[in-house]
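# Structural description and commentary
Residues per chain, in single letters:
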Amino acid sequence: MQGFPDGGLTPYERQTLRPLQFLIAACFIQGFYFLYLGLTGKAVSAARMPLMIIAAALIIVVPMMIIPICPDLPTCRAAYERILATRMDDGEGG
């Protein structure tokens, strides 16, 4: 669900498209890994599995949720502009 109604992508959306695709692929790999662990009956301790899920969520899911709302967060916008040394063009405005 990116782009204006006509399908045009803003420069911000074009810059974040690859990271989002990478995170989506990592999410699928994570899902298949957990499915593999469940189907093969690999011994995973009860304490280790929740830690694995929390780590995967922090590394994969949280960035996927932050990228679309980053233009609305002043801290995220400032970090983006400082890291890339360019203004964020998210298509907002006139």
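The preceding data block contains the structure.
Every value quoted in this text rests on a predicted model; they were computed, and no experiment measured them.

### Comments concerning the nonpolar core
- Core analysis: the biggest nonpolar cluster contains seven residues, these being Tyr12, Leu20, Leu23, Ile67, Cys70, Tyr80 and Met88.
- Looking at this core, the element that brings in the most residues is helix H1 (residues 11–40), giving three residues.
- Excluding residues within four positions of it along the chain, tyrosine 80 makes contact with Tyr12, Gln15, Ala85, Arg87 and Met88.

### Details of the packing of H1 against helix H2 (residues 48–69)
- Closest axis-to-axis distance for the H1/H2 pair is 9 Å, and the angle between their directions is 160 degrees. Judged on the interaxial angle alone, H2 and H1 are roughly antiparallel. In this structure, H1 meets H2 at a crossing whose hand is left-handed. The segment H1 lies against H2, with Tyr12, Thr16, Pro19, Leu20, Leu23, Ile24, Ala26, Cys27, Gln30, Tyr33, Phe34 and Leu37 engaging Met49, Met52, Ile53, Ala56, Ile59, Ile60, Pro63, Met64 and Ile67.
- Here the residues of the contact of H1 with H2 sort into 19 nonpolar, two polar and no charged.

About the cut-offs
Position numbers for residues count from 1 along each chain, tracking the sequence in the order it is written. In keeping with the model being predicted, local features are shown solely for residues with a pLDDT of at least 70 and side-chain atom pairs are shown and tallied solely at 80 or more, while totals for entire chains, interfaces and linings include all residues. Values reported for side chains reflect all heavy atoms of the structure, with hydrogen atoms and water molecules removed beforehand. Here, nonpolar core means buried Ala, Val, Leu, Ile, Met, Phe, Trp, Tyr and Cys residues that are tied together by side-chain atoms lying within 4.5 Å of each other. The buried label applies to any residue whose accessible area, calculated with a 1.4 Å probe on protein chains only, is under 20% of its type's maximum; exposed applies above 50%, and partly exposed to all values in between. Helix numbers and strand numbers start at the N terminus; a helix is a DSSP run of H or I with at least 4 residues, a strand a run of E with at least 2. Contacts: residue pairs with any heavy atoms within 4.5 Å of one another. Throughout, an axis means a line fitted to C-alpha atoms (over the contacting stretch in the case of helices), and angles, computed between N-to-C directions, take values from 0 to 180 degrees. Between 65 and 115 degrees an angle is taken as roughly perpendicular, under 35 as roughly parallel, over 145 as roughly antiparallel, and anywhere else as oblique. Helix crossings fall into two classes, left-handed where the near helix is turned counterclockwise from the far one by less than a right angle and right-handed where it is turned clockwise. Basically, the charged four are Asp, Glu, Lys and Arg, the nonpolar ten are Ala, Val, Leu, Ile, Met, Phe, Trp, Tyr, Cys and Pro, and anything else, Gly included, counts as polar.

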